[in-house]
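One-letter residues, chain by chain:
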Amino acid sequence: MSYRQLSQEERQELGREQRSYLWGLGLSLLLTLLPFGLAAFTDMAHLTLWWIIGACALVQIVVHLRFFLHITLARNKREDLQLILFTVLILTLLCGGTLWILFDLYQRMMPNMMP
Amino acid sequence: MTVTEILFGRLGWDALPFWHMLQNPTFKSVINDLIASGAGLMVVLGALVVVAGVSWLGKWGYLWREWLTSPDHKRIGIMFIVIALVMLARAIVEAVFMRAQQAVGLNGGFLTAEHFGQLFTTHGTIMVFFMGMPFLTGVINYVMPLQIGARDLSFPVLNLVSLGLTAAGAALVMVSLVLEPFSTGGWTGYAPFTELSYNPGAGVDYWIWAVSLSTFSSTLSGINFAVTIYKKRAPGMTLFRMPLFTWTALCTAILMIFGMPPLTVATGLLALDRYLDFHMFTTDLGGNMMNYVNLFWAFGHPEVYILILPAFGVFSEVFATFSGKRLYGYTVLVMATICIAVLSFTVWLHHFFTMGQSANVNAAFGIATMLIGIPTGVKVYDWMLTMYRGRVRMSVPMIYAVGFILLFVLGGMSGVILATPSVDYQVHNSLFLVAHFHNMLIPGVLFGMLAAVNYWFPKAFGFRLEERWGRRAAWLWILGFMLAFFPLYVLGMMGMPRRSVSFTNPAYLPWTVIAGIGALVALAALACLLLQLWVSVRDRDHNRVFAGDPWDGRSLEWATSAPPPEYNFPVIPEIYGRDAFMLEKDGGTPFQAPTQYQDIVMPANSAMGVIIGAAGFAAAFALTWYMWWLVVLSAVVMIGAAIARGFVRTTHYVISADEVRRTHEYWLREVEATTPIRRSQEQSGANRGRAVPPVEGAVQ
Amino acid sequence: MSRTITRHPGLNLGPAHDDDATDVREELVFGFWVFMMSDLIIFGMLFATYVTMLGATAGGPTPHDVLDIRPAFTETMLLLASSFTFGMASLALKYRQGRRHLVGWLLVTLVLGLAFVGHELHEFVSMFHAGYVPSRSGYLSSFFSLVPLHGLHVTFASLWLIAILFQIAVYGIDSQVKNGLLRLAILWHFLDIVWIGIFSLVYLGGAA
Ligand code: HEM
Ligand SMILES: [Cu+2]
């Protein structure tokens with residue numbers, strides 16, 4: 001691959017993509033610093049904090065998918081999105097089921113395993 | 001540490017199957033060790049015969065070039081099926097021994113508990129991981145690309161790696177007959193019984209690594225199949241024009257991709273417990289064995305649908321073809337298949353209703369389980385309606401198919417019974433359960449795969465299988481299954497636990513004897529199957545079907561020569577509807593010569609499968625016996641091979657348009673010279689692989 | 001981005017790179033995505049199992065004792081930065097900004113990746129010194145079955161990156177190198193996503 005002069009349009013596109021990565025980086029930083037900061041420097045109630053951590057994590061995952069992995073809602077190719085959504089469905093079933101089953105067991109039979 | 005210990009780890013003379021007998025000769029130990037040594041001898045002799053035979057014929061080069069390193073999906077498929085058949089033979093013999101033991105098992109019998117434990121563990125592990133999985137993977141490998149009009153799978157070299165990994169796992173199970181022992185933990189390998197503190201020997205480690213090799217292989221195969229079906233369909237082959245077998249292949253592939261990982265986690269964590277002193281499932285220091293059960297079945301239930309869906313696909317093709325009708329309710333069948341695939345991730349708890357969770361949890365999973373019965377029932381009706389008013393030909397695949405419908409419905413009923421938690425509390429872990437799952441697995445998986453062999457064999461090898469021995473085999477399988485497993489329902493209701501080496505209740509005896517006779521009948525069925533193969537090969541010249549369409553087939557795989565050229569299709573066909581080949585025949589335009597031929601690019605041979613397979617086997621064997629140097633060495637080989645593969649640049653070769661044209665025109669001339677036959681002559685020597693076209697008045 | 005034609009999920013090289021390998025590339029990338037999703041199930045089951053083992057401390061150290069969010073923060077930053085620099089490498093590839101540019105970004109990514117692994121190893125060693133070993137309790141076992149697996153993935157990804165750098169040295173930036181980089185990029189970004197799960201659920205959730 002040799003260095004190549006970019007056309008006007010390509011240059012614009014490159015600029016746009018670079019900005020897109022920077023957005024991704026900025027948003028991720030924000031969504032990382034916020035929960036870390038809250039956990040390190042405040043005495044929030046645990047439950048509130050957990051909700052914030054969870055929400056930040058979910059949003060950050062979406063940010064990464066959008067800005068780093070270029071998963072978009074564009075119409076022409078949906079199979080990537082379908083694949084990810086299907087995986088999320090299976091993941092929810094398996095993980096949700098696991099937690100439900102195990103914690104139900106703990107409650108009935110082994111309370112000492114409750115965190 | 002001595003040098004021997006470094007070199008051989010904990011492998012010593014006591015691993016030989018006759019060691020115990022020599023040290024401590026009692027009546028029982030002699031009998032058991034003689035049986036075990038006989039089995040080990042069979043393995044050694046088998047390996048020697050194969051090596052000697054290939055050398056004598058001077059076929060090593062041929063074997064290497066045309067088979068072991070060939071990325072052709074058809075060759076790979078056949079090799080998978082060969083593995084499956086070999087392992088089937090072993091597992092059936094083991095089943096006969098178990099049945100024989102229980103037939104004389106009142107207050108004793110001839111097998112030790114240890115030996116019996118190894119038998120049901122290897123039997124179950126082999127039947128699931130090294131008979132069922134390679135069989136269906138092989139059939140999908142062979143048939144699916146032909147059905148969708150592709151030249152190969154998306155990742156041919158990965159396909160070789162899958163084959164290598166499965167072969168390595170199967171070889172490991174075989175080697176465990178020579179260097180004992182294997183696990184006694186059942187095919188489920190439940191912790192904490194399989195933890196180091198209860199099972200310090202090599203057995204469980206054999207099991208862990210054999211199963212892991214199989215799991216990796218299946219995950220990779222699943223990815224390969226799914227991507228192929230998504231990306232390599234011929235133009236016009238929309239999803240809803242795919243043959244039903246391909247649909248089931250797709251759903252099975254998806255289940256492999258998402259269903260195998262929980263098993264990887266379960267066996268991986270068990271290995272961490274055993275090798276690195278973790279406490280995931282131990283009885284002390286916070287270990288929780290219930291996590292193992294949960295993880296195992298989060299794999300285990302999708303697994304049973306991985307096994308059964310391809311069989312559903314085979315039967316769908318068989319019913320349509322041998323009834324001379326298009327498949328009834330295609331769309332509904334597809335929907336049902338998809339429903340089953342998704343629902344199969346919501347029911348795993350029905351394997352451990354009795355673990356102690358509350359009634360709410362049990363009820364939810366019980367209801368979900370019963371829900372799966374609905375799409376399955378729908379399928380049964382569709383198959384029956386496909387036969388309804390068709391001209392049904394009772395050929396061998398059809399005997400298996402009809403036997404399947406009758407028996408599978410029975411098994412399904414016992415499944416719905418088991419899905420009721422309160423009933424399950426009564427019969428859990430009893431022979432009722434063993435009867436139930438064999439009632440699904442033998443008519444389902446085994447009959448399905450044997451039907452597939454009978455149905456597609458002429459495509460793969462260019463000659464039909466002999467019918468008489470085929471029929472005998474089919475009927476004996478059906479009879480043997482019924483004799484061997486219907487008594488188990490009764491025994492289960494009487495309270496006989498599964499996996500028991502002997503019993504004290506004389507009321508069991510008549511039933512275990514009948515079951516033993518049934519197992520012998522099944523053994524006879526296996527013998528008929530082998531005879532069928534032998535006779536067919538011997539008389540192959542009478543049964544050639546080079547024209548390629550012996551059954552008046554409907555889907556694309558019948559539109560090529562038998563066997564097909566390695567690139568499958570001289571030009572990729574255009575598809576205009578379901579039952580693509582039948583459409584052509586209906587329109588009077590099958591067997592066309594394309595206007596133009598082009599060069600075809602095909603994947604080049606690769607030794608990756610052999611290398612990864614061999615290194616995988618070495619790693620697994622070394623881990624089992626604690627030969628750490630070999631573990632490191634084989635890991636280095638595997639990583640090195642993967643890196644080296646990245647530097648290979650000649651991954652393809654070209655078949656010239658001219659050669660393609662010559663091959664194709666030769667076949668077309670042969671087709672022209674073949675007399676078409678009516679369905680009534682299908683099983684006679686007149687069947688040379690060309691059907692009377694429908695337009696000429698053949699009654700369909 | 002939304003105006004460019006995408007041929008397959010995730011990163012795209014754009015029409016400038018079309019050659020006869022484009023179809024193959026599409027299959028390779030899609031196949032790799034499927035593989036990642038399968039891997040994600042492994043991580044998912046490990047996460048779920050980890051949560052069920054939070055209470056399995058067997059009288060030993062609790063999550064609160066064991067987990068320190070300071071090293072986790074450094075690791076998070078390293079991995080996030082490496083994700084960004086890999087993105088820059090992808091752009092250098094896509095817009096043909098020259099081999100030096102591409103290799104430069106890849107090297108930065110590699111250093112960040114290795115720094116992550118090194119830092120994590122250091123964290124584990126200090127945990128071992130404090131007596132937080134997997135054989136101490138079910139809880140610690142589940143920690144050490146989840147977090148190091150991610151580290152192992154990063155190690156293999158770094159190895160792969162090194163292999164590709166050598167391929168560039170030998171063959172230049174040919175079609176196969178591009179295919180490799182596209183897939184490695186997916187792996188790299190995917191591992192960062194798994195890490196979001198780890199620092200949120202394991203470290204922040206446990207230390208809080
Ligand atoms: C005619 C053929 C067969 C016979 C006679 C047979 C017989 C048996 C027997 C006697 C057992 C032990 C039952 C016990 O626990 O007391 C068993 C277990 C089992 N069989 Fe079969 N079997 C046959 C075919 C199959 C097939 C085709 C499959 C699967 C595809 C299969 C899968 C299993 C499994 C998974 C177990 C459970 C092993 C365990 O307890 O861990 N079997 N079979
Ligand atoms: Cu099940």
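Residues numbered from 1 in each chain as written. Chains lettered and ligands numbered in written order. Predicted model: local features only at pLDDT ≥ 70, side-chain atom pairs only at ≥ 80, totals over all residues. Heavy atoms only, no water.

A. Spotlight on the overall build of chain C. Per the secondary structure count, chain C includes 6 helices and 0 strands. Counting from the amino terminus, chain C carries its helices and strands in the arrangement α-α-α-α-α-α. Among the 208 residues that make up chain C, the fraction classed as buried is 68%. Partitioning the intrachain contacts of chain C with sequence separation of at least 6 by distance along the chain shows that 79% fall at a separation of at least 24. When the accessible surface of chain C is totalled, it reaches about 6700 Å², and 67% of it is carbon and sulfur. (Helix = DSSP H or I, 4+ residues; strand = E, 2+ residues; numbered from the N terminus. Buried < 20%, exposed > 50% of the residue type's maximum accessible area, 1.4 Å probe, protein only. Contact = heavy atoms within 4.5 Å. Areas by Shrake-Rupley, 256 points an atom, 1.4 Å probe, with all protein chains shown as cover.)

B. The overall build of chain A, seen in detail. Check the secondary structure of chain A and you find 3 helices and 0 strands. Tracing chain A from N to C terminus, the helices and strands come up as α-α-α. The C-alpha atoms of chain A give 21 Å as radius of gyration, which overshoots the globular expectation for 115 residues (13 Å, by more than 25%). Dimensions of chain A along its principal axes, counting C-alpha atoms only, are 70 × 40 × 25 Å. For chain A, the proportion of its 115 residues judged to be buried stands at 41%. Within chain A, residue pairs in contact and separated by at least 24 positions form 47% of the contacts whose partners lie at least 6 positions apart. When the accessible surface of chain A is summed, it comes to about 6700 Å², and 67% of that surface belongs to carbon and sulfur atoms. Each charge class in chain A was averaged separately, 9 positive and 8 negative side chains, and the resulting centres sit 5 Å apart. (Rg over C-alpha atoms; globule rule 2.2 N^0.38 Å. Lys, Arg positive; Asp, Glu negative; His and termini not counted. Charge placed at Lys NZ, Arg CZ, Asp CG, Glu CD.)

C. Region of the structure containing the interface of chain A and chain C. Across the contact, 56 residues belong to chain A and 57 residues belong to chain C. Summed over both sides, the interface between chain A and chain C buries roughly 5200 Å², with carbon and sulfur atoms accounting for 76% of that surface. Where chain A touches chain C, the interface holds 1 salt bridge. Here chain A is connected to chain C by 4 residue pairs in polar contact (both at pLDDT 80 or more). Taken together, the elements giving at least two residues each to the side of chain A that touches chain C come down to α1 (8-41), α2 (46-68) and α3 (79-109) of chain A. Counting residues per element, the side of chain A that touches chain C draws most heavily on α1(A), which supplies 18 residues. (Buried area = accessible area lost by both parts, 1.4 Å probe. Salt bridge = Lys/Arg side-chain N within 4 Å of Asp/Glu carboxyl O. Polar contact = N/O pair within 3.5 Å; in protein donor to acceptor, adjacent residues only side chain to side chain.)

D. Broad picture of the domain arrangement of chain A. According to the domain assignment, chain A contains domain 1 (1-70) and domain 2 (74-115). Computed from C-alpha coordinates alone, the two centres of domain 1 of chain A and domain 2 of chain A are separated by 25 Å. (Domains from an automatic or database assignment.)

E. Highlighting the interface of chain C and chain B. In this assembly, 37 residues from chain C lie in contact with 34 residues from chain B. The largest share of the area that chain C buries against chain B comes from Glu27(C), Met45(C) and Gln176(C), three residues that together contribute 18% of it. Between Glu26(C) and Lys231(B) there is a salt bridge, and its shortest N-O distance comes to 3.1 Å. Across the contact surface, chain C and chain B share 14 residue pairs in polar contact (both at pLDDT 80 or more).

F. Geometry of the pattern of salt bridges. As enumerated under the stated definition, the model contains 23 salt bridges over all chains in all. Here Glu13(A) makes a salt bridge to Arg16(A), at a shortest N to O gap of 3.3 Å. One end of the pair, Glu13(A), and the other, Arg16(A), are both in helix α1, 3 residues apart, so they sit about a helical turn from each other. The class for Glu13(A) is buried, based on a relative accessible area of 11%. Linking Arg70(C) and Asp68(C) is a salt bridge whose minimum nitrogen-to-oxygen distance equals 3.2 Å. Residue Asp68(C) is classed as partly exposed on the basis of its relative accessible area, which comes to 28%. A cluster of three or more residues bridged by salt bridges with shared partners is formed by Asp658(B), Arg661(B), Arg662(B) and Glu665(B).

G. Here's a closer look at the coordination of the iron atom of ligand 1. All names here are of chain B. Coordination of the iron atom of ligand 1 by the protein comes from His123 (NE2) and His438 (NE2), over a distance range of 1.9 to 2.0 Å. Geometry at the iron atom of ligand 1 is octahedral, judged from its 6 donor atoms and the angles of 87 to 179 degrees they form at the metal. Pair noted here: His123 is in helix α6 (residues 113-147) and His438 is in helix α15 (residues 431-461), with a separation of 315 residues, a long-range link. Pair check on accessibility: His123 and His438 agree, each one buried. (Donors = N, O, S within 2.8 Å, 3.2 Å for Na, K, Ca; no water. Tetrahedral: all angles 85-135°; square planar, octahedral: opposite > 155°, others 65-115°.)

H. Geometry of the UniProt feature "transmembrane region" (unreviewed entry) in chain A. Those residues carrying the UniProt feature "transmembrane region" (unreviewed entry) are residues 21-42, 48-69 and 81-103 of chain A in this numbering. Split by type, residues 48-69 of chain A is 95% helix and 0% strand. Its first and last C-alpha atoms lie 30 Å apart. (UniProt positions renumbered as here; feature names shortened; annotations may be inferred.)

I. Layout of the site of ligand 1. Residues and elements named next belong to chain B. Taken together, 23 residues sit near ligand 1, with His123, Trp187, His438, Arg498 and Arg499 positioned nearest. Taking His123, its side chain carries an N or O atom lying 2.8 Å from a nitrogen atom of ligand 1. Going through the elements one at a time, α5 (73-103), α6 and α15 are the ones with two or more residues in the shell around ligand 1. Partitioned by chemical class, the residues of the shell around ligand 1 number 15 nonpolar, 5 polar and 3 charged. (Near = heavy atom within 4 Å. Nonpolar A, V, L, I, M, F, W, Y, C, P; charged D, E, K, R; others polar.)

J. Representation of the side chain of Arg274(B) in the model. Residues and elements named next belong to chain B. Its place among the elements puts Arg274 in helix α9 (residues 244-276). When its relative accessible area of 3% is taken as the criterion, Arg274 is described as buried. Side-chain polar atoms of Arg274 contact the backbone oxygen of Thr194, separated by 2.6 Å.

K. Geometry of helix α16 (residues 467-494) of chain B. With 28 residues, α16(B) should cover 40 Å at 1.5 Å per step; its first-to-last C-alpha distance of 41 Å lies within 8% of that length. Once α16(B) ends, the next one or two residues include Gly495(B), with phi positive near 100 degrees. (Expected span 1.5 Å × (residues − 1).)

L. Main features of the nonpolar core. Counting residues in hydrophobic clusters, the biggest one holds 296 residues, and the most contacted among them are Trp477(B), Trp33(C), Phe143(C), Val202(C) and Tyr203(C). Formed jointly, this core draws a minimum of three residues from each of two domains, domain 1 (1-70) and domain 2 (74-115) of chain A. When residues no more than four places from it in sequence are discounted, the contact partners of Trp477(B) are Ile92(B), Tyr400(B), Leu446(B), Phe447(B), Leu450(B), Ala522(B), Ala525(B) and Leu526(B). Membership of the second largest hydrophobic core comes to 14 residues, among which are Phe67(A), Phe84(C), Leu91(C) and Tyr95(C). (Core = buried A, V, L, I, M, F, W, Y, C linked by side-chain atoms within 4.5 Å.)

M. Up close: the packing of helix α7 (residues 156-175) of chain B against helix α8 (residues 203-231) of chain B. Residues and elements named next belong to chain B. Contact pair α7 / α8: the axes reach a minimum separation of 8 Å and the direction vectors enclose 160 degrees. Looking at the two axes, α7 sits roughly antiparallel to α8. With respect to the hand of their crossing, α7 and α8 are arranged in left-handed fashion. Here Leu158, Asn159, Val161, Ser162, Leu165, Thr166, Ala168, Gly169, Leu172, Val173 and Val175 of α7 come into contact with α8, specifically with Tyr206, Trp209, Ala210, Leu213, Phe216, Ser217, Leu220, Ser221 and Asn224. When grouped by side-chain class, the residues that make up the contact of α7 with α8 number 13 nonpolar, 7 polar and no charged. (Axes fitted to C-alpha atoms, helices over the stretch in contact; angles between N-to-C directions. Parallel < 35°, antiparallel > 145°, perpendicular 65-115°, else oblique. Left-handed = near helix turned anticlockwise from the far one by under 90°.)

N. Main features of the coordination of the copper ion (ligand 2). Residues and elements named next belong to chain B. Taken together, the protein ligands of the copper ion (ligand 2) are His301 (ND1), His350 (NE2) and His351 (NE2), with distances of 1.8 to 2.0 Å. Donor residues for the copper ion (ligand 2) sit on one chain with the sequence pattern H-x48-H-H. With His301 in helix α10 (residues 289-323) and His351 in the loop between α11 (330-343) and α12 (359-387), this pair connects stretches of sequence that are 50 residues apart. On the basis of relative accessible area, His301 is assigned to the buried category, the value being 5%.

O. Examining unusual backbone geometry more closely. Here the amide bond leading from Glu180(B) into Pro181(B) is cis, since omega sits at -5 degrees, within 30 degrees of zero. Here Pro181(B) shows up in the loop between α7 and α8. For the bond running from Ala562(B) to Pro563(B), omega is -5 degrees, close enough to zero to count as cis. Tracing the sequence through the fold places Pro563(B) in the loop between α17 (509-538) and α18 (580-586). A positive phi angle, close to 50 degrees, is found at Arg96(C), a residue other than glycine. The residue Arg96(C) is located in the loop between α3 (69-94) and α4 (99-129) in this model.

P. Spotlight on the packing of aromatic side chains. Inspection of every chain in the model, using the stated rule, returns 61 aromatic pairs over all chains. Ring centres of Phe129(B) and Trp187(B) lie 6.1 Å apart, and the angle between their planes is 50 degrees; on these two criteria the pair is classed as tilted. Here Phe129(B) is found in helix α6, whereas its partner Trp187(B) is found in the loop between α7 and α8, with 58 residues between them in sequence. Since its relative accessible area comes to 1%, Phe129(B) is described here as buried. In textbook terms, an aromatic cluster arises when at least three aromatic residues are bridged by ring pairs, as seen for Phe129(B), Trp187(B), Tyr190(B), Phe281(B), Tyr292(B), Phe296(B), Trp297(B) and Phe299(B). The lysine or arginine in question, Arg66(A), covers the ring of Phe67(A), its NZ or CZ lying 5.2 Å from the ring centre. (Phe/Tyr/Trp six-rings, centres within 6.5 Å; stacked < 30°, edge-to-face > 60°. Lys NZ or Arg CZ within 6 Å of the ring centre and 35° of its normal.)

Q. The environment of Arg391(B), seen in detail. Residues and elements named next belong to chain B. Considering the arrangement of structural elements, one finds Arg391 in the loop between α12 and α13 (396-418). Of the residues examined, Arg391 reaches a relative accessible area of 55% and is grouped as exposed. Between the C-alpha atoms of Arg391 and Asn362, which are 29 residues apart in sequence, the distance is 46 Å.

R. Region of interest: the confidence of the model for chain A. Chain-level pLDDT for chain A is 90 on average; 93% of the residues reach the 70-or-more range. Between the elements of chain A, mean pLDDT differs from a low of 93, seen in α1(A), to a high of 95, seen in α2(A). (pLDDT = per-residue confidence, 0-100.)

S. Spatial organisation of the UniProt feature "transmembrane region" (unreviewed entry) in chain C. Residues and elements named next belong to chain C. Taking the numbering used here, the UniProt-annotated feature "transmembrane region" (unreviewed entry) corresponds to residues 32-56, 76-95, 102-119, 152-173 and 185-205. Note that residues 32-56 is 84% helix and 0% strand, and that its end C-alpha atoms are spaced 36 Å apart. Measuring from the first to the last C-alpha atom of residues 76-95 gives 29 Å, for a span that is 95% helix and 0% strand.

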